[in-house]
Amino acid sequence: MAIIRETIRAIFITLMLWLLTAIIYPLIILVVGQVFLPYQANGSIMLNLNNQPIGSALIGQLFTSEQYFHPRISTVRYSQGKKAKPTGISGASNLAASNPELLKRILEQANELRDENLQPIADIIYTSASGLDPHISLRAARQQLTRVAGARGVKEDEILRLINKYTDGRFLWTFGEPGVNVLRLNYALDLQDFNRQQNQ
């Protein structure tokens, strides 16, 4: 009789835990997210003037035009275009520091930057761990400032103001380093150009 009672009690506790962790808790998180943080809960999707999605502010994108700030290098190429890695949407190369392929890639990137008269700093040379990093450092943004301003035909001060505006601070004011969100900055540059053309 005691065994049956304990079995029923174990089944009841298992069902209650399943109900709590598989149904009640996820529903509470869903409701809290949709009510208090809908933008973040739905992927931080950015929309253009036509209300069409242009990307997520949390996931990097590839920009190659001289008019845009370029993101960090991605081993998965941000899963965009023909050169994107078909093996997944996130991940590092996992190449050891002694791997000749890694050294070759870093040297090629450093030489490219030198040809553009840019200093090869870490976050332009090295890939991020996820391959989807949406930020570059303030230093990397300022290095690209002259090129972008020249390509757009605007003063550097106008773009510098946007760089400062779209710089995210340290997490909890302590952890990590400030970073510039590349997608938000590039979209702000396009909006600035659009507004300039409308006012002419």
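Residues numbered from 1 in each chain as written. Predicted model: local features only at pLDDT ≥ 70, side-chain atom pairs only at ≥ 80, totals over all residues. Heavy atoms only, no water.

As annotated in an unreviewed UniProt entry, the chain carries the name Potassium-transporting ATPase KdpC subunit and is attributed to Nostoc flagelliforme FACHB-838. Looking at the chain in UniProt, the text filed under Subcellular location (unreviewed entry) is "Cell membrane". On record in UniProt, under Subunit (unreviewed entry), the comment for the chain is "The system is composed of three essential subunits: KdpA, KdpB and KdpC." (UniProt positions renumbered as here; feature names shortened; annotations may be inferred.)

### A word on the UniProt feature "transmembrane region" (unreviewed entry) in the chain
According to UniProt, the positions carrying the feature "transmembrane region" (unreviewed entry) are residues 12-37. Summarising residues 12-37: 96% helix, 0% strand, and an end-to-end C-alpha distance of 35 Å. (Helix = DSSP H or I, 4+ residues; strand = E, 2+ residues; numbered from the N terminus.)

### What to know about unusual backbone geometry
Phi at S44 takes a positive value of approximately 50 degrees, unusual for a residue other than glycine. Relative to the elements of secondary structure, S44 occurs in the loop between α2 (38-41) and β1 (45-47). Classification of S44 as buried rests on a relative accessible area of 4%. If you check the backbone angles, L172 has positive phi at about 55 degrees while not being a glycine. You can see L172 is positioned in the loop between β4 (167-168) and β5 (179-181). A relative accessible area of 49% places L172 in the partly exposed class. (Buried < 20%, exposed > 50% of the residue type's maximum accessible area, 1.4 Å probe, protein only.)

### Quick look at the packing of helix α6 (residues 156-165) against helix α7 (residues 182-199)
Where α6 meets α7, the closest approach of the two axes is 10 Å, and the angle between their N-to-C directions is 135 degrees. Taken together, the axes of α6 and α7 lie oblique to each other. Crossing geometry of α6 relative to α7 is assigned as right-handed. Judged by residue contacts, E158, I159, R161, L162 and I163 of α6 engage L185, A188, L189, Q192 and R196 from α7. Partitioned by chemical class, the residues of the contact of α6 with α7 number six nonpolar, one polar and three charged. (Axes fitted to C-alpha atoms, helices over the stretch in contact; angles between N-to-C directions. Parallel < 35°, antiparallel > 145°, perpendicular 65-115°, else oblique. Left-handed = near helix turned anticlockwise from the far one by under 90°. Contact = heavy atoms within 4.5 Å. Nonpolar A, V, L, I, M, F, W, Y, C, P; charged D, E, K, R; others polar.)

### Examining the packing of aromatic side chains
Within the structure shown, the criterion is met by two aromatic pairs. Ring centres of F63 and Y68 lie 5.2 Å apart, and the angle between their planes is 45 degrees; this geometry places the pair in the tilted category. Comparing F63 with Y68 shows no difference in burial state: the two are buried. Plain terms: the ring middles of F171 and F175 are 6.4 Å apart, the flat faces sit at 40 degrees to each other, and that makes the pair tilted. We classify F175 as exposed; its relative accessible area is 51%. A cation sits over an aromatic face here: R152 above Y68, 5.1 Å from the ring centre. (Phe/Tyr/Trp six-rings, centres within 6.5 Å; stacked < 30°, edge-to-face > 60°. Lys NZ or Arg CZ within 6 Å of the ring centre and 35° of its normal.)

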